[in-house]
Amino acid sequence: MKHPTPAADRLSLRTVLALWVLGLVPRLIPLLFLLNAPIALEDMFQYDMLARSLASGRGYRWYAAEDVEVLKPYLAQYLDLSALRAPPEGLVTAHRAPGYPFFLAGLYLLIPSEHRFAAARLVQAVLAAFMSPLVAMVALQMKMGRRAAMMAAAGVALYPILLFYPVGLASENLFIPLVLLSFWLLLRAAGSGRLTPFTLAGLVLGFSTLTRSIFFPATVLASVWLYRLQQARNRGALLTLAVTLTICIPWAVRNTLTLKRLTFVESSLGYNLFIGYHPEGNGGFVADVAIKPLTILNDAERERFCTRTALQYIAADPVEAGRRVLRRVAYFMGVEDREFIWFYTNDFIGFIPQPWLGLIYSLLVVPWVSTVAFAVLGLSLSPERSSAGLAGALIAGYALPHFFIIAEPRFHLALVPLLMPFAAWGWLRR
């Protein structure tokens, strides 16, 4: 097969802007209706609490007294709040990875408080739109040609579920673009004889890990991939991992000192194990189970309790624990329809009669199924086997930990931009 010429491996500025607009316009459509919508009193409220605390100079704290008052009607459905006491300035925490809260806090410093949700949504839409030209650049870097690059860019720009994510305060809005940027920088570093690309790749891998610590095994596997690659300098691979750790270790030291126990980027492992192996759960996220340990406000105490209890559940029924690992594989690979169900059940879009409801649902779930199917073909036929190896390392390093802890369909969304160039290539070579 004849590879594209070097000139075909680059995008003009006009093409980059056109692809960015292609990614931005569909994401602005939901914002026309939901720009000033309130946020949910769950993960979104927690991220908002942390960001407001950082922006106000109180540090990395949540559940201040005023926030607890707002949450009481919600929490009272699940918990006995009579003994719940929160300090006025909030509780110092290490439960959440800091990347996304710091991202929001930076926005909050620039925007009046009453407009912070609208500003965050607009910035998130702009950031997500950059994935369209970036995924085209990834395809060109892997010698797939302009046709596959444009198809991959359109796929990411129009991927239905991703269009709704900028509406919410969710770490995916930062994490998914960082994962794609990491992939592109690693590809460029592998083909370079200089150390600067390895440093940049390490920086972005570090920020990705600070946004979601479960990505760290993928970082390690990517460094191993670089080390084993003939044309890559071994010191470049070591530099990439060293820079990643340099980004993460200061926060790990902060968490360790805060909780007085060895802690990495976040202290939620035991909590997630508790949810994943609880007898009333199913291996995925179950809200009635997740709420149970939240009466323990101290992060260290809650983590000790959750870890100890989860290990007891596993020891009591190891067969069921094994079944849940397999079940999580199905959850992780399952279709992501939560956003549509949330919008529909909350009557944002009104009643939709059949067969239109079924058609809309199909349009939401078919893209994931077809992306996976053609990406498998594209990976097997990749014009650069080493690039397919890197993609496999990142996918395995990110997905495998979920299978043993907790999994939901939304977790696979971080892999969609990585898979899209291979899906486009597989479609063209089908």
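Scroll up a little and you will see the structure.
Residues numbered from 1 in each chain as written. Predicted model: local features only at pLDDT ≥ 70, side-chain atom pairs only at ≥ 80, totals over all residues. Heavy atoms only, no water.

A.B. asks: Please explain the overall build of the protein as it appears in this structure.
C.D. replies: Along the protein, the regular secondary structure elements total 20 helices and 2 strands. Against the compact-globule benchmark of 22 Å for 430 residues, the protein has a radius of gyration of 22 Å, which places it among compact chains. Its C-alpha atoms give the protein principal-axis dimensions of roughly 70 × 55 × 50 Å. With 430 residues in all, the protein has 53% of them scored as buried. (Helix = DSSP H or I, 4+ residues; strand = E, 2+ residues; numbered from the N terminus. Rg over C-alpha atoms; globule rule 2.2 N^0.38 Å. Buried < 20%, exposed > 50% of the residue type's maximum accessible area, 1.4 Å probe, protein only.)

A.B. asks: It is not clear to me how the packing of helix α1 (residues 13–34) against helix α5 (residues 116–129) should be interpreted in this structure. Could you clarify?
C.D. replies: Helix packing geometry: the angle between the two helix axes and the distance between the axes. Close contact between α1 and α5 brings their axes to 8 Å; oriented N to C, the two are set at 155 degrees. Considering their axes alone, α1 and α5 lie roughly antiparallel with respect to each other. Read as a crossing pair, α1 and α5 show a hand that is right-handed. Where α1 abuts α5, its residues Leu19, Trp20, Gly23, Leu24, Arg27, Leu28, Leu31 and Leu34 lie against Arg121, Leu122, Ala125, Val126, Ala128 and Ala129. Across the contact of α1 with α5, the residue classes tally to 11 nonpolar, 1 polar and 2 charged. (Axes fitted to C-alpha atoms, helices over the stretch in contact; angles between N-to-C directions. Parallel < 35°, antiparallel > 145°, perpendicular 65-115°, else oblique. Left-handed = near helix turned anticlockwise from the far one by under 90°. Contact = heavy atoms within 4.5 Å. Nonpolar A, V, L, I, M, F, W, Y, C, P; charged D, E, K, R; others polar.)

A.B. asks: What is the right way to read unusual backbone geometry from this model?
C.D. replies: One non-glycine residue with positive phi stands out, namely Tyr63, at about 55 degrees. In this structure, Tyr63 sits in the loop between β1 (61–62) and α3 (65–75). Of note, Lys260 is a non-glycine position whose phi angle comes to about 60 degrees, a positive value. If you trace the backbone, Lys260 turns up in the loop between α12 (234–259) and α13 (269–277).

A.B. asks: For this particular structure, what's the right way to read α12?
C.D. replies: Owing to its 3.6 residues per turn, the α-helix aligns residues three or four sequence positions apart on the same side. When the terminal C-alpha atoms of α12 are compared, their 36 Å separation across 26 residues agrees well with the 38 Å that a helix rising 1.5 Å per residue should span. At Cys248, α12 is deflected by roughly 35 degrees, the largest bend along its length, and proline Pro250 occurs up to four residues later in sequence. For α12, the complete set of buried residues consists of Gly236, Ala237, Thr240, Val243, Thr244, Ile247, Cys248, Trp251, Ala252, Arg254, Asn255 and Leu259. Taken together, the buried residues of α12 touch β2 (91–92), α4 (99–108), α9 (172–190), α10 (196–211), α11 (216–228) and α15 (299–316). (Expected span 1.5 Å × (residues − 1). Bend = angle between axes of the 7 residues up to and from the residue.)

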